[in-house]
Amino acid sequence: LAQVPITVYPTPHATPLGAVALARAALDPSRSLADAIVRWQPERVVMPQWSADRASGFRAAWDAEVALAGGA
């Protein structure tokens, strides 16, 4: 729906490694977040399968349903 490529981390440990990167950055405010993150290469990249028009139409229909339900 977002129409952006998704990079897949090569192991299931992305969340704890992300928490460690944030902790490293917090412990040393002079360190940039880019320097706190462990270098990695995506296992694969998943590209959007829907056309931009189809994704936009789906989002519009969803927004309409939310509005009908009183959500927005």
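For the structure itself, consult the block above.
Here's what I pulled together on the structure shown here. All residue numbers refer to position in the chain's written sequence, counted from 1. This being a predicted model, a pLDDT of at least 70 is required before a residue's local features are given, and a value of 80 or more before pairs of side-chain atoms are given or counted; all residues contribute to the totals for chains, interfaces and linings. The side-chain figures draw on all heavy atoms in the structure; neither hydrogens nor water molecules are used.

**Side note on the overall build of the protein chain**
Step number 1: Regarding its fold elements, the protein chain presents three helices and two strands.
Step number 2: Taken from the N to the C terminus, the helices and strands of the protein chain come in the order β-α-α-β-α.
Step number 3: Its C-alpha radius of gyration of 18 Å places the protein chain more than 25% over the 11 Å reference for a compact globule of 72 residues.
Step number 4: C-alpha extents for the protein chain along the principal axes are approximately 50 × 30 × 20 Å.
Step number 5: Taken across its 72 residues, the protein chain has 6% of its residues classed as buried.
Step number 6: Any pair of residues with heavy atoms lying within 4.5 Å of one another is described as a contacting pair. For the protein chain, contacts bridging at least 24 residues in sequence account for 72% of all contacts bridging at least 6.
Step number 7: Under the convention used here, a 1.4 Å probe and the Shrake-Rupley method define accessible areas, while residue burial counts only the protein chains that appear. When the accessible surface of the protein chain is summed, it comes to about 5800 Å², and 64% of that surface belongs to carbon and sulfur atoms.
Step number 8: In the protein chain, 6 side chains carry a positive charge and 6 a negative one; their mean positions are 8 Å apart. A run of DSSP states H or I qualifies as a helix once it reaches four residues; a run of E qualifies as a strand once it reaches two. Both are numbered from the N-terminal end. Taken over C-alpha atoms, the radius of gyration is set against a globule rule of 2.2 Å times the number of residues to the power 0.38. For each residue, the accessible area found with a 1.4 Å probe, counting protein chains only, is set against the maximum for its type, and the residue is called buried under 20%, exposed over 50%, and partly exposed in between. The convention is simple: Lys and Arg are positive, Asp and Glu are negative, and His and the chain ends are not counted. Taken as the charge centre is NZ of Lys, CZ of Arg, CG of Asp or CD of Glu, depending on the residue.

**Topic: unusual backbone geometry**
For residues besides glycine, phi is generally negative; the peptide bonds are generally trans as well.
Step number 1: Its identity as a non-glycine residue notwithstanding, Gln-3 has a phi of 60°, on the positive side.
Step number 2: For Gln-3, the position within the fold is in the segment before strand 1 (6-8).
Step number 3: For Gln-3, a relative accessible area of 29% puts it in the partly exposed group.

Purely spatial values, then, with no claim about function.
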